[in-house]
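# Coordinate analysis (summary)
So you can see what is in the structure, the chains are spelled out below.
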Amino acid sequence: MGDFLNNKIDSEKAILVGIVDQSRGITEVMVKEYLDELDFLALTAGAETVKRFTQKLQRSNPKTFVGTGKLEEIAQYINANPEIGLVIFDDELTPSQLRNIERELKCKILDRTNLILDIFASRAKTANAKTQVELAQYQYLLPRLTRLWTHLERQRGGIGMRGPGETQIETDRRIILDKIAKLKEDLKKIDKQKTVQRKNRDKMIRVALVGYTNVGKSTLMNLLSKSDVFAENKLFATLDTTVRKVVIQNVPFLLADTVGFIRKLPHNLVESFKSTLDEVREADVILHVVDISHPNFEDQINIVNETMAEIDKKEKPRFLVFNKIDAFSYVKKDEDDLTPKLRENYSLDELKKMWVAKGDTPCLFISAKEKDNVEEFKEKVYNVIRDLHSARFPYNNFLYQDYSNLSKEN
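All of the points below concern the structure found in this document. (Residues numbered from 1 in each chain as written. Predicted model: local features only at pLDDT ≥ 70, side-chain atom pairs only at ≥ 80, totals over all residues. Heavy atoms only, no water.)

### Concerning the environment of Glu 344
Mapped onto the elements, Glu 344 comes out in the loop between strand E9 (318–323) and helix H11 (348–358). Along the sequence, Glu 344 and Val 331 sit 13 residues apart, while their C-alpha atoms lie 5.8 Å from each other. Not counting chain neighbours up to four residues away, the residues in contact with Glu 344 comprise Tyr 330 and Val 331. (Helix = DSSP H or I, 4+ residues; strand = E, 2+ residues; numbered from the N terminus. Contact = heavy atoms within 4.5 Å.)

### As for the sheet that holds strand E6 (residues 242–248)
With mixed pairing, six strands are arranged side by side in an open sheet as E6-E7-E5-E8-E9-E10. The two strands at the open ends of the sheet, each matched to only one other strand, are E6 and strand E10 (363–365). Across this sheet, the average inter-strand angle for adjacent strands is 25°, counted without regard to direction. Summarising the sheet, E9 and E10 pair through three bridges and their orientation is parallel. By the bridge assignment, Val 321 is partnered in E10 with Leu 364. Here helix H10 (residues 297–311) sits on the sheet and contacts strand E5 (205–211), strand E8 (285–291) and E9; the angle it forms with E8, its principal contact strand, is near 150°. Docked against the sheet, H11 engages E9 and E10, running at close to 160° with respect to E10. (Pairing = 2+ DSSP bridges. Axes fitted to C-alpha atoms, helices over the stretch in contact; angles between N-to-C directions.)

### Concerning the pairing of strand E7 (residues 251–257)
Of all the seven residues making up E7, seven are buried; the element is thus mostly covered by neighbouring parts of the structure. Every second residue of E7 is oriented toward a common face, with Val 251, Phe 253, Leu 255 and Asp 257 on one face and Pro 252, Leu 254 and Ala 256 on the other, all of them buried. In this structure, E5 lies alongside E7, joined through five bridges in parallel fashion. Of the residues in E7, the one forming a bridge with Arg 206 is Leu 254. Looking at chain direction, E6 and E7 are connected through seven bridges and run antiparallel. By the bridge assignment for E7, Ile 248 is matched with Val 251. Hairpin connection, E6 to E7: the antiparallel pair is bridged by two residues, and Gln 249 has positive phi, about 55°. (Buried < 20%, exposed > 50% of the residue type's maximum accessible area, 1.4 Å probe, protein only.)

### A closer look at the pairing of strand E2 (residues 47–57)
One ladder, built from 10 bridges, connects strand E1 (residues 12–21) with E2; its direction is parallel. Within E2, the position partnered with Ile 15 by the bridge is Lys 51. Taking the sense of rotation as the criterion, the β-α-β connection linking E1, helix H1 (residues 28–45) and E2 turns out right-handed. (Right-handed = clockwise from strand over helix to strand, strands pointing away.)

### Things to note about the sheet that holds E2
Sheets are built from strands paired through backbone hydrogen bonds, the pairs being either parallel or antiparallel. Strand order in the open sheet formed by four strands is E2-E1-E3-E4, and the pairing between neighbours is parallel. The two strands at the open ends of the sheet, each matched to only one other strand, are E2 and strand E4 (108–111). Each strand of the sheet is rotated relative to its neighbour by a mean of 25°, with strand direction disregarded. Examined bridge by bridge, E1 and strand E3 (residues 84–89) share five bridges and lie parallel to one another. Note that in E3 the partner of Ile 15 across the bridge is Val 87. Each of E1, E2 and E3 touches H1; the most contacted strand, E2, lies at about 155° to it.

So this is what it looks like as structure tokens:
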């Protein structure tokens, strides 16, 4: 692949841009949250955010995303701070918006989609993940080809008067379409191999860890499987689905750690990663891991639920696993404070009662890092897996002899 598709950001100074889009019901509070996440994405990619710009609009400007006045303000800031080489927009930009903004700001422009694709490209390790990311990148690149050839001569006129830039664009378009077709064929072959692998695992109950990115799925995976799956405090630390054999008491099962979800996840990536998400579709039990220490964990739950509804419509046992209780904090209200209680004013015990009272999905509260409440978590998961195992394999109820009770009696 060319340099354009693998452009890793190395400690660049960046500006973030977002809009309060009234037509889509996006408020100032929501924009701050979106830009916080975009900041984390930029950090994950290797960029340092030095300034944020926001603007309140009825709807985004079809030519420049933000208003022309705001774009001039951003340009002036860049001119006054020459170390800034990157501007990241929180929404996907159209090819014309991208071209117009670049012309005005005269520096590298990324949108949220391109930034996520860049992170995925740097994180992909296996042939499967690399092929999926490459396909998504080419699909993103195809309608934006014209901006890559602005350095070439353009001629106006009728037949026979096309400049070399136009000829090069058509050539590249054909090359990219051929690459997309080949990558899709490669993914079909990989899907067939994965399907065979999954069929070979049918003799065990399968459990999938799902959740928003950076909620601690890989840490929980390491804890349960006693393996060493890569985990760090960055977004999309895990791209490839990792499957490990786990034994709780006397029942073995397969545990899959899947790619994390995120709001505004590029559609091309969702399409490309369908084979990875097959592990979720074919799982018998879903463990939805949530970072309860995150100030907007409820929104993250909703985003995961919406994505799950698209890819997996089967009814199956699910658990809400509220992780990182060790990192939870709240602001206690004064007794004489009569203002409405905010989300930040609820204690962990109050949140536990609220979520348990909902009763839709069993809730578990743990810290995978500190191993708090992990034994209770294992016990509840074990009970569900044991019942599923007994129903599926009535003549082979337990594959491992349980000696724990004998040792207690002696």
